[in-house]
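Listed below are the residues making up each chain.
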Amino acid sequence: RRRADDLFARITQTINEVDPFARVELRGSRASGCALFDADVDVVVEVMLTLEAVAEALGEAEWSRGAELIRARVPIVTGKDASTNLAFDVATTQDAARQAAHAYGSDLNDASFAQHRPPHFASTVRLCKVVLRQTGLGGAYGGG
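Residues numbered from 1 in each chain as written. Predicted model: local features only at pLDDT ≥ 70, side-chain atom pairs only at ≥ 80, totals over all residues. Heavy atoms only, no water.

*Asks:* Run through the pairing of strand β4 (residues 76-81), naming residues and quoting values.
*Replies:* With 5 bridges joining them, strand β3 (residues 64-70) and β4 adopt antiparallel strand pairing. When the bridges of β4 are listed, I70 appears paired with I76. By the bridge criterion, 4 bridges tie β4 to strand β5 (residues 87-92) in an arrangement that is antiparallel. By the bridge assignment for β5, G79 is matched with F88. Linking β4 back to β5 in an antiparallel pair, the connection comprises 5 residues, with N85 at a positive phi of about 65°. (Pairing = 2+ DSSP bridges. Helix = DSSP H or I, 4+ residues; strand = E, 2+ residues; numbered from the N terminus.)

And the structure:
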């Protein structure tokens, strides 16, 4: 967990160096408490910058192995931390809201869900992730 927290801090610092007023939030399985040890770090930023500028700043950071802007339905900047090899994904608040509306029907806040979820939810989700990974079914769908 500390490695992911350190990576989130580096991402936040890098984005704030380019846009001091940017608001950076942790999202996804790390925010909801359902992450496995090697899960990526999902970040949402509210910035005045373009996602291209965010990608450039993260790609040039000394701690980064580079960053790439993926232009999909929900555009993201994806990259890896050079020291921990943890992956990260960064989206803007506008694009994250579009993704949440598509996936959930409304904007669902991961941290809010983590506070109001049923007991043992996170440990059950982590167990399911391990079983899916061991059976070869744990990867993200990448087809057409």
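That was the structure; now back to the text.
*Asks:* Any chance you could break down helix α1 (residues 2-18) for me, citing the residues and the numbers?
*Replies:* For α1, which comprises 17 residues, the first-to-last C-alpha distance of 25 Å matches the rise-based estimate of 24 Å (1.5 Å per residue) to within 8%. Residues A4, L7, I11, T12, T14 and I15 constitute the buried set of α1. Buried residues of α1 fall within an arc of 165° about the axis and therefore sit on the same side. Within α1, the exposed residues directed more than 90 degrees away from the buried face are R2 and E17. (Expected span 1.5 Å × (residues − 1). Buried < 20%, exposed > 50% of the residue type's maximum accessible area, 1.4 Å probe, protein only. Arc of directions from axis to C-beta.)

*Asks:* I'd like a description of the side chain of T14, backed by residues and values.
*Replies:* Counting through the fold element by element, T14 comes out in helix α1. You can call T14 buried: its relative accessible area is 7%. At a separation of 3.1 Å, a polar atom in the side chain of T14 contacts the side chain of W63. Not counting residues up to four positions away in its chain, the partners in contact with T14 are A57, L58, A61 and W63. (Polar contact = N/O pair within 3.5 Å; in protein donor to acceptor, adjacent residues only side chain to side chain. Contact = heavy atoms within 4.5 Å.)

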